[in-house]
Amino acid sequence: MGLLDYFRATQPPGSATVAKERLQILVAHDRAAARGCPSYLPQLQTEILAVIRKYIDVDMNSVTVNYEQGESHEVLELNIILPDSPSSR
Amino acid sequence: MGKTTTAASLAMGLAQKGKRTVVIDFDVGLRNLDLIMGCERRVVYDFINVINNEANLGQALIRDKRCDLLYVLPASQTRDKDALTKEGVARVLEELAASYDFVICDSPAGIEHGATMAMYFADDAVVVTNPEVSSVRDSDRMLGILSSRSRRAELSEEPIREFLLLTRYDAGRVQNGEMLSVDDVQEILALKLLGIIPESKAVLTASNSGTPVILDRESDAGQAYSDMVARYLGDEVPHRFLHAEKKGFLSRLFGG
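Residues numbered from 1 in each chain as written. Chains lettered and ligands numbered in written order. Predicted model: local features only at pLDDT ≥ 70, side-chain atom pairs only at ≥ 80, totals over all residues. Heavy atoms only, no water.

Caption draft 1: Region of interest: the side chain of Asn-49 of chain B. Residue and element names in this part refer to chain B. Of note, Asn-49 is situated in helix α3 (residues 47–51). Accessibility expressed as a relative area gives 10% for Asn-49, which makes it buried. Setting aside chain neighbours within four positions, we find Asn-49 in contact with Val-44, Glu-54, Ala-55 and Arg-79. (Helix = DSSP H or I, 4+ residues; strand = E, 2+ residues; numbered from the N terminus. Buried < 20%, exposed > 50% of the residue type's maximum accessible area, 1.4 Å probe, protein only. Contact = heavy atoms within 4.5 Å.)

Caption draft 2: Looking closely at the sheet that holds strand β4 (residues 102–106) of chain B. Residue and element names in this part refer to chain B. Across the sheet, 4 strands lie side by side as β2-β3-β1-β4; this open sheet has mixed pairing. Two strands lie at the open edges of the sheet, namely β2 (62–63) and β4, each paired on one side alone. Where strand β1 (residues 21–25) and β4 come together, 5 bridges link them in parallel fashion. Paired with Thr-21 across the strands is Phe-102, a residue of β4. (Pairing = 2+ DSSP bridges.)

Caption draft 3: Inspection of the sheet that holds strand β6 (residues 161–169) of chain B at higher detail. Residues and elements named next belong to chain B. Spatial strand order, β5-β6-β7: 3 strands in an open sheet with parallel pairing. The open sheet has two free edges, formed respectively by β5 (124–129) and β7 (192–198), since each of these has just one partner strand. Strand-to-strand twist in this sheet, taken as the mean axis angle between neighbours without regard to direction, amounts to 20 degrees. Two elements, β6 and β7, share 5 bridges in a ladder whose sense is parallel. Bridge assignment links Tyr-169 to a residue of β7, and that residue is Pro-198. Sheet strands in contact with helix α7 (residues 133–149) are β5 and β6, and its direction is about 165 degrees off that of β5. (Axes fitted to C-alpha atoms, helices over the stretch in contact; angles between N-to-C directions.)

Caption draft 4: Seen up close, helix α5 (residues 86–99) of chain B. Residue and element names in this part refer to chain B. In a regular helix each residue adds 1.5 Å, so 14 residues correspond to 20 Å; α5 covers 21 Å between its end C-alpha atoms and thus fits that length. Among the residues of α5, Gly-88, Val-89, Val-92, Leu-93 and Leu-96 are the ones counted as buried. The buried residues of α5 occupy one face: seen down the axis, they fall within an arc of 125 degrees. Exposed positions of α5 whose direction lies more than 90 degrees from the buried face are Glu-87, Glu-94, Ala-97 and Ala-98. Considering only its buried residues, α5 is in contact with β1, α3, α4 (57–60), β3 (70–73), β4 and α6 (113–120). (Expected span 1.5 Å × (residues − 1). Arc of directions from axis to C-beta.)

Caption draft 5: Structural context of unusual backbone geometry. Residue and element names in this part refer to chain B. One non-glycine residue, Arg-31, lies in the positive phi region at around 55 degrees. Along the chain, Arg-31 turns up in the loop between β1 and α2 (33–37). The exposure class assigned to Arg-31 is buried, which follows from its relative accessible area of 18%. Here the phi dihedral of Arg-168 falls at roughly 55 degrees; this positive angle occurs in a residue that is not glycine. Topologically, Arg-168 is positioned in strand β6.

Caption draft 6: Main features of the packing of aromatic side chains. All names here are of chain B. Applying the stated criterion across every chain yields a total of 5 aromatic pairs over all chains. Aromatic pair Phe-26 and Phe-47: ring centres 5.2 Å apart, planes at 75 degrees, arrangement edge-to-face. With a gap of 21 residues between them, Phe-26 in the loop between β1 and α2 and Phe-47 in helix α3 connect regions that are remote in the sequence. What makes Phe-26 buried here is its relative accessible area of 0%. Given a relative accessible area of 0%, Phe-47 falls into the buried group. Ring centres of Tyr-71 and Tyr-100 lie 5.6 Å apart, and the angle between their planes is 75 degrees; this geometry places the pair in the edge-to-face category. (Phe/Tyr/Trp six-rings, centres within 6.5 Å; stacked < 30°, edge-to-face > 60°.)

It is worth stressing that arrangement in space is one thing and function is another; only the former is reported here.
Structure below.
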């Protein structure tokens, strides 16, 4: 710290803040991977979407598949957004 | 960073508190614990010899010259790390557990075979971390392995007790926002904090002469390790070395 810094009211945020933010993201990502989301999840999502699209005209992005693991249970969550006026084929 | 330094000081500290202690080097192929402990010229048989029944424990254990209750089981420098078989390690640890209060396993870096063997049979684990991104990340991954791939996890027993030891801590740089603080690290790892070892010249001086740094009672690192051992044995000791020494007005004004 030199003479000018001494009179400067606020210090710019240090690199530790950046380090912490990067770590938090990285660790969350590592933990999700380690917890072992099943590898079939992306394929499951594609196939479910294909089945739904046989009957309803839904957008490719309107199906989300989520996998959560609790202490004694696992939750497979499907979220399908139906169009406003379902048009049957 | 600091695993072997910590293993040496923890073992010495426990022995000085009257606990019969063995410290084992699991870093097969590199073998550094005996150097840090200052007994490298007294190694005749090693851990792998004992596992392969080429020597018994009594022949391989080296009694520390400074403390009667402390023994070192060195690693082999020539063998392959696969020589550490799970059955062999289990047999040696069982035999040691019968006559010693504490068996300290000095793990090699990484998450490969040697490290897996060092943690597999553990009751307690001290995770040694630097306030640095890659070190904290690796520690988090190691914690995942401790909770899923240890013997206690496989047998669904009570999990390993996990402790955090933060080493190479520079309070001055933390204050300037240049280094992760102990709170930052704890926010991510959330472990019981066993101690904070300040970045210290004493650590190199101690390893140069083959003396566990805990024996350098004048030094900040030596005192921090003593505090850590006391905390591990259940004493309530306040954390020290968290704040940089206060600088005077003039030194702040003119830098330095």
